[in-house]
Amino acid sequence: MRHDEWWARWRVEDALGVPVVLPDDNSAPALFDFRIERAGDVAALEVVSATDSRRAATAAAINRVHMHQTPAPSLRGFWGASVDLKGKTRESVWPRVRGLPARLEPILRILEVHDVVDARATQASCYDGDVREAIEMLASIGVDRVWRPRPSMIDPGGGTIFLTIELKGPPAAPLDEAVADLVQFLWATNDVRRKLIDSGFAERHCFVSLNESSDWPLRYHMFPQATHPLVLPAVAPVLPPEITHLWIADDFSDTWHWSPADGWVAYEMPRGRVWRIRPRPGDYTPVPSRLAPANVWPAY
């Protein structure tokens, strides 16, 4: 099962509080990904990743670093690190990112001790002492920014470092235009549209997974910061007729959902569990299926 499918299933189930299970028979390639079971009704769910070919090579190089996340035993929590790859060729990306987690861990340990949860290499002068020296080291190893997406979440088994591509902002496209660009992408996903309409269900959900190789404008708007608090789109998306409900999420962002009944709604990152980009045994217990117990998501 692909990472984006696991991630989408977890988020939708957490948001709706109902079982999201495999189809009755997942042997046929034309079947949609999941069934959403709620209030005695069933809806289809198909997952698709929105990728930008111009960024795919760089993202692939970062993904080679343990699927872009690396255990960091000396840390307490989860850290994101944006890598500055400006001017780097495809061949030079991998050597640059390969050793970054090991060099980052002692820097992040200093920031954790001083309760710093977000720091940019260009802002070292705002700090003193050990913190200033640690932040100054970020630029020397090619890291633009480090941050804790969920500072309150502590992993007793040690921390994790997640590498992502540096994304300069703000983007030129406003929020509603960025969403319209994503919807235009969905109009071109003939395979996704066919699987949903062939399901025969009245509700047909499409979950769009964003990642390092996705276009930047929409990702920027989905990350609330001091410079731009979270704002949801103001207009309804003009979806293909085969798609009735839309979900959008990035690995670090909250989950955005649009439905004809409720419009745009944002769901927080799933809480109450140790948060990791990829699951480990015991991380996740699926909601039991009321309709097809044999087809519940398999245990890890």
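Residues numbered from 1 in each chain as written. Predicted model: local features only at pLDDT ≥ 70, side-chain atom pairs only at ≥ 80, totals over all residues. Heavy atoms only, no water.

1. Remarks on the overall build of the protein
Looking only at helices and strands, the protein features eight helices and 12 strands. Here the protein holds 300 residues, and the buried ones make up 54% of them. Sequence separation of at least 24 residues holds for 73% of the intrachain contacts in the protein that already meet a minimum separation of 6. Surface exposure of the protein reaches about 13,900 Å², of which carbon and sulfur atoms provide 54%. (Helix = DSSP H or I, 4+ residues; strand = E, 2+ residues; numbered from the N terminus. Buried < 20%, exposed > 50% of the residue type's maximum accessible area, 1.4 Å probe, protein only. Contact = heavy atoms within 4.5 Å. Areas by Shrake-Rupley, 256 points an atom, 1.4 Å probe, with all protein chains shown as cover.)

2. A word on the packing of helix α4 (residues 100-113) against helix α5 (residues 129-140)
It is at 9 Å that the axes of α4 and α5 come closest, and there the two elements cross at 150 degrees. In this structure, α4 crosses over α5, and the sense of that crossing is left-handed. Between α4 and α5, the residues in contact are L104, I107, I110 and L111 and D130, V131, A134, I135, M137 and L138, respectively. For the contact of α4 with α5, the per-class residue count stands at nine nonpolar, no polar and one charged. (Axes fitted to C-alpha atoms, helices over the stretch in contact; angles between N-to-C directions. Left-handed = near helix turned anticlockwise from the far one by under 90°. Nonpolar A, V, L, I, M, F, W, Y, C, P; charged D, E, K, R; others polar.)

3. Some words on the sheet that holds strand β9 (residues 204-210)
Strand order in this open sheet of seven strands is β1-β2-β3-β9-β10-β11-β12, and the pairing throughout is mixed. Each of the sheet's edge strands pairs with one partner strand only, and the pair in question is β1 (20-21) and β12 (263-267). Both strand β11 (residues 255-259) and β12 contribute to a ladder of five bridges, which runs antiparallel. Residue pairing for β12: W258 is matched across the bridge by W264. Against the sheet, helix α7 (residues 190-198) makes contact with β3 (41-49) and β9, and its axis sits at roughly 170 degrees relative to β3, the strand it touches most. (Pairing = 2+ DSSP bridges.)

4. Side note on the packing of aromatic side chains
This structure, assessed with the given rule, holds seven aromatic pairs. Ring centres 6.4 Å apart and planes at 75 degrees place the aromatic pair W256 and W264 in the edge-to-face group. Put simply, the rings of W6, W7 and W10 pair up and form one aromatic cluster. The residue whose ring lies beneath R145 is W147, and the NZ or CZ to ring-centre distance is 4.5 Å. (Phe/Tyr/Trp six-rings, centres within 6.5 Å; stacked < 30°, edge-to-face > 60°. Lys NZ or Arg CZ within 6 Å of the ring centre and 35° of its normal.)

5. Quick word on α4
Taking 1.5 Å per residue as the helical rise, α4 with its 14 residues ought to reach 20 Å, and the 20 Å between its terminal C-alpha atoms agrees with that figure. The sharpest bend along α4 comes to roughly 30 degrees, located at P106. Just downstream of α4 lies D115, where phi reads positive at about 60 degrees. (Expected span 1.5 Å × (residues − 1). Bend = angle between axes of the 7 residues up to and from the residue.)

6. Considering unusual backbone geometry
Positive phi values are uncommon outside glycine, yet D115 reaches one of about 60 degrees. Looking at the element boundaries, D115 is found in the loop between α4 and β6 (118-120).

7. Quick notes on the environment of G158
Tracing the backbone through its elements, the reader meets G158 in the loop between β7 (143-147) and β8 (159-165). Residue G158 is classed as buried on the basis of its relative accessible area of 9%. Each C-alpha atom of the pair G158 and P73 lies 4.3 Å from the other, and the pair is 85 residues apart in sequence. Those residues in contact with G158 that sit more than four places away from it in its chain are A72, P73 and L75.

8. Focus on α7
Regarding α7, the residues found buried are V192, R193, K195 and L196. Summarising the axial view, the buried residues of α7 lie within an arc of 165 degrees, below the 170-degree limit, and thus occupy one face. Of the residues in α7, the exposed ones pointing more than 90 degrees away from the buried face are N190 and D198. On its buried face, α7 sits against β3, α6 (175-187) and β9. Among the residues trailing α7, G200 stands out with phi positive, at a value near 80 degrees. (Arc of directions from axis to C-beta.)

9. Digging into the pairing of β3
Counted residue by residue, β3 has seven buried out of nine residues, so it is predominantly covered. Counted along the chain from strand β2 (residues 34-38) to the antiparallel partner β3, the turn is two residues long, and its residue A39 has a positive phi close to 50 degrees. When β3 meets β9, the two strands line up parallel, connected through six bridges. Counted as the bridge partner of V48 is V208 from β9.

10. Focus: the pairing of β9
Consecutive residues of a regular strand have side chains that alternate between opposite faces of the sheet. The buried fraction of β9 is high, at seven of seven residues. Burial along β9 is two-sided: the residues R204, C206, V208 and L210 and H205, F207 and S209 are all buried. In this structure, β9 lies alongside strand β10 (residues 245-250), joined through six bridges in parallel fashion. Residue F207 lies in a different strand from β10, and its bridge partner there is W247.

Such coordinate-based values are descriptive only and should not be taken to indicate function.
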